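A structural walkthrough
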Amino acid sequence: YDIVVNCLWEGRATIDQKMGLNHNANHEGYRVRSILQLPNLPHLHGDIPTAAFMNGPYGDFIRYGPDDTIYFAWYEMSPKKVSQNLTDVQANFEPYVVSNYPEGFEKRVIEGHIKAFEKLFPGKDTSFFDSAEVRTGYVVANGATDIHDPKSTLHKRHDPPNMIKDGYISVKTQKFTTSPHNTYLLERELFVKAPSF
């Protein structure tokens, strides 16, 4: 193939390294995120909007559609490990990723999300949290430090999101809200600008 595009959400960096791209050179860090997957019950439709909260601790409440689940991430409730070494992160958190949590972890994450939800959506019904499921995965993002560091480049977005080498392109999906823009930039790179590979 003349062009190969890596759009993986998980495992992108591993493939990139095999292709000679160094994420550490771009100051990317590996993080662990624990989120809730919630049932999208009919009485919630039109009552609780999709929202991203950026004033204070960051979080997303995403309703993908009437027949899909709800994704709720409140960053305060995730493990705090950040490293530029994926092996280091995996050594500490691989059991979490396969849902083998330490005792009390799931309860703490769910209760923390409920507390955040009650502040963000005062007076709204929280009974649907009874069916909450904790999901944990690895995230590759800008910055070698976490959100609490004022100098972190975690939310730096002005650098090009796509890494290119000899016809191989790695696409940073980054945040849920930036993936459409990054896809647009990739389209321009492939079909509008003259390819430089």
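Residues numbered from 1 in each chain as written. Predicted model: local features only at pLDDT ≥ 70, side-chain atom pairs only at ≥ 80, totals over all residues. Heavy atoms only, no water.

**Structural notes on the nonpolar core**
Where we set the bar: We call a set of buried residues a nonpolar core when its members are Ala, Val, Leu, Ile, Met, Phe, Trp, Tyr or Cys and they connect through side-chain atoms within 4.5 Å of each other. Throughout this description, buried means an accessible area under 20% of the type-specific maximum (1.4 Å probe, protein chains only), exposed means over 50%, and partly exposed covers the range between. A run of H or I in DSSP counts as a helix once it spans at least four residues, and a run of E counts as a strand once it spans at least two, with each numbered from the N terminus. Contacts: residue pairs with any heavy atoms within 4.5 Å of one another.
Formed by 30 residues in total, the largest nonpolar core has its most connected members in Leu-36, Leu-38, Phe-61, Phe-72, Phe-117 and Phe-128. Among the secondary structure elements, those contributing two or more residues to this core are β2 (28-38), β3 (51-53), β5 (70-74), α2 (86-97), α3 (105-120) and β7 (133-142). Top contributing element to this core by residue count: α3, with five residues. Beyond its immediate sequence surroundings of up to four residues, Phe-117 is in contact with Ile-48, Phe-61, Phe-72, Lys-124, Asp-125, Thr-126, Phe-128 and Phe-129.

**Description of the pattern of salt bridges**
The following threshold applies: We count a salt bridge whenever a side-chain nitrogen from Lys or Arg sits within 4 Å of a carboxyl oxygen from Asp or Glu.
Per the counting criterion, the structure on display carries three salt bridges. In this structure, Asp-16 engages Arg-12 in a salt bridge whose closest nitrogen and oxygen atoms are separated by 3.4 Å. Residue Asp-16 and its partner Arg-12 are located together in helix α1 (residues 12-18), separated by four residues, close to a single helical turn. Arg-12 shares its class with Asp-16; the two are buried. Across the salt bridge formed by Glu-111 and Lys-107, the nearest N and O atoms sit 2.6 Å from each other. One end of the pair is Glu-111 and the other is Lys-107, both in helix α3 and four residues apart, which spans about a single turn. The exposure class of Glu-111 is partly exposed, given its relative accessible area of 44%.

**Describing the packing of aromatic side chains**
Put simply, the rule is: Planes of paired rings set the category: under 30 degrees apart is stacked, over 60 is edge-to-face and the rest tilted, where pairs are Phe, Tyr or Trp rings (Trp by its six-membered ring) whose centres lie within 6.5 Å. For a lysine, the NZ atom is tested; for an arginine, the CZ atom; a charge sits over a ring if that atom is within 6 Å of the ring centre and within 35 degrees of the ring normal.
Inspection of every chain in the model, using the stated rule, returns 13 aromatic pairs. Measuring from centroid to centroid gives 5.1 Å for Tyr-101 and Phe-105, while their planes differ by 20°, and the two rings are stacked. When sorted by exposure, Tyr-101 lands in the same class as Phe-105, which is buried. Linked through ring pairs, Phe-61, Phe-72, Phe-117, Phe-121, Phe-128 and Phe-129 together constitute an aromatic cluster. We note Arg-33 situated over the ring of Tyr-75; from NZ or CZ to the ring centre the distance is 4.1 Å.

**Quick word on the sheet that holds strand β1 (residues 4-6)**
To be explicit about the condition: Pairing between two strands requires that DSSP report at least two bridges joining them. Helix axes are fitted to C-alpha atoms over the stretch in contact, other axes to C-alpha atoms as well, and angles between N-to-C directions run from 0 to 180 degrees.
Across the sheet, three strands lie side by side as β1-β9-β8; this open sheet has mixed pairing. Two strands bound the open sheet, and with one partner strand each, they are β1 and β8 (162-165). Each strand of the sheet is rotated relative to its neighbour by a mean of 15°, with strand direction disregarded. Pairing of β8 with strand β9 (residues 168-171), which is carried by four bridges, proceeds in the antiparallel orientation. Within β9, the residue paired with Asn-162 across the bridge is Val-171.

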